[in-house]
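Coordinate analysis (summary)
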Amino acid sequence: MPVKIKIEKKEKHTRARLGKLTTPHGEVETPIFMPVGTQATVKTMTPEEVKETGGRLVLSNTYHLYLRPGHDLVKEAGGLHKFMNWDGPILTDSGGFQVFSLGPLRTITEEGVEFRSHIDGSKHFFTPEKVMEIEQALGADIAMAFDECAPYPCEKEYAVAALERTTRWAERCKRVHKREDQALFGIIQGGVFPDLRERSAKELLAMDFPGYGIGGLSVGEPKELMYEVLDQLMPIMPEDKPRYLMGVGSPDCLIEGVVRGVDMFDCVLPTRIARNGTVFTHNGKLTVRNAEYARDFRPMDQQCDCYACRNYSRAYIRHLIKTDEILGIRLTTIHNLHFIQHLMQNIRQAIREDRLLEYREDFLKVFNAG
Ligand SMILES: CNc1nc2cc(C(=O)NN)ccc2[nH]1
């Protein structure tokens, strides 16, 4: 069993769980946030800096690494861990979301998806078997099955067809997945329709994957609708398998997801907005590149003890960003990753002390007021 979760504690008033996820590259605490390292790097960060901010499990994208530098090259380098010098666990997604996000640049058939590269327009064809070959070559500890991610909104018939294909493709992935030191997770689809979510979950649970992604959410639907889908789906999920809410999320969504029993998250938001000069603070978001901070010599977040907040002012970081100095977005990235990992640490502590609902109220009262 290359990946398993041990639930250490269930929070008394919610579905939240404190766990330990064991992988071939070490054990991590859950609930956990995975920084996104799309092209085999968490953008602007060295692996040591990712670890320093609290990152333990990183995500990389199969679609991107297949296109550049190629999964065969990564395999020749000794696999993704060696290639990117990351000795902790890695998860690769299957490209399902990426190729479906290409919109008109892709054609879906039962066999697979034909798509044109976003880089040079060249034609490619992903099948469940091909994606398994790529992910096994990359060698992540957790590989996601190839699924069809329905858009939002979409007709219920479309969501039915996508979940049925997701189930058939999950079977095909399982059939060819041979790597013993890599866990294959199924992905639950079904759009925003509770009955379809239940059906997708049950069909995939019958295949006994070691863990499950909850896909097709945070694709434009209102947050309340995502929460409703989780409220209906999570009670039928097995207690002893990790639940991974894909592509989520912002601080409020992380807390709401944990309250509903989610164990794993990934999201580009913290690193992406950092590169645009926006950071999370305890009083909400702050766009440090704005003119109002030109002579503000305070740290970005006065309650933060990250490297950036201990050593630099808003004025200095604004100056770096305005002059396109790379150190600027490195500092905002360090801060945002630290902020999110610190939030996850506080959430885990709140579960230990059975006060997650109080923590949610206190955190959001100040964060949303900002
Ligand atoms: C940012 N929102 C968001 N939704 C996602 C859904 C998936 C998915 O269904 N993968 N199979 C993956 C990444 C996502 N990111």
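These figures come from a predicted structure and were not determined experimentally.

1. Some thoughts on the domain arrangement of the protein
- Per the domain assignment, the segments of the protein are domain 1 (4–266) and domain 2 (268–369).
- Here the C-alpha centroids of domain 1 and domain 2 sit 26 Å apart.
- Facing the 34 residues of domain 1 at the interface are 31 residues of domain 2.
- Roughly 2,900 Å² of surface becomes buried between domain 1 and domain 2 when both sides are summed, with 70% attributable to carbon and sulfur atoms.
- Interface area lost by domain 1 to domain 2 is led by Thr 53, Pro 251 and Ile 255, which between them contribute 21%.
- Remark: the boundary between domain 1 and domain 2 carries five salt bridges.

2. Things to note about the site of the ligand
- Taken together, the residues surrounding the ligand are Phe 97, Asp 147, Cys 149, Ile 187, Gln 189, Gly 215, Gly 216, Leu 217, Ser 218, Val 219, Met 246 and Gly 247.
- Coverage of the ligand by the protein chains reaches 85% of its 370 Å² of free accessible surface.
- Its residues assigned to classes, the shell around the ligand comprises six nonpolar, five polar and one charged.

3. Side note on helix α13 (residues 314–322)
- Among the residues of α13, Arg 314, Ala 315, Ile 317, Arg 318, Leu 320 and Ile 321 are the ones counted as buried.
- Buried residues along α13 sit in contact with β16 (284–287) and α14 (326–352).
- The positive-phi residue at the C-terminal boundary of α13 is Asp 324, with phi of around 55°.

4. Comments concerning helix α9 (residues 223–233)
- Considered for burial, the residues of α9 that qualify are Met 226, Tyr 227, Val 229, Leu 230 and Leu 233. One side of α9 holds all its buried residues, which, seen down the axis, span an arc of 160°.
- Residues of α9 that are buried sit in contact with β11 (183–188), α8 (194–205), β12 (212–214), β13 (243–245) and α10 (251–259).

5. What about the UniProt feature "binding site: substrate" in the protein?
- According to UniProt, the positions carrying the feature "binding site: substrate" are Asp 93, Ser 94, Gly 95, Gly 96, Phe 97, Asp 147, Gln 189 and Gly 216.
- Along the chain, the position of Phe 97 falls in helix α5 (residues 96–101).
- Residue Phe 97 is classed as partly exposed on the basis of its relative accessible area of 43%.
- Discounting residues that sit within four places of it in the chain, Phe 97 has contacts with Cys 149 and Val 219.
- With respect to the element layout, Gln 189 can be found in the loop between β11 and α8.
- Apart from the residues lying within four places of it in its own chain, the contact partners of Gln 189 are Asp 147, Glu 148, Cys 149, Ala 150, Thr 166, Leu 196, Arg 197, Ser 200, Gly 215 and Gly 216.

The rules behind each value
- Residues numbered from 1 in each chain as written.
- Predicted model: local features only at pLDDT ≥ 70, side-chain atom pairs only at ≥ 80, totals over all residues.
- Heavy atoms only, no water.
- Domains from an automatic or database assignment.
- Contact = heavy atoms within 4.5 Å.
- Buried area = accessible area lost by both parts, 1.4 Å probe.
- Salt bridge = Lys/Arg side-chain N within 4 Å of Asp/Glu carboxyl O.
- Near = heavy atom within 4 Å.
- Areas by Shrake-Rupley, 256 points an atom, 1.4 Å probe, with all protein chains shown as cover.
- Nonpolar A, V, L, I, M, F, W, Y, C, P; charged D, E, K, R; others polar.
- Buried < 20%, exposed > 50% of the residue type's maximum accessible area, 1.4 Å probe, protein only.
- Helix = DSSP H or I, 4+ residues; strand = E, 2+ residues; numbered from the N terminus.
- Arc of directions from axis to C-beta.
- UniProt positions renumbered as here; feature names shortened; annotations may be inferred.

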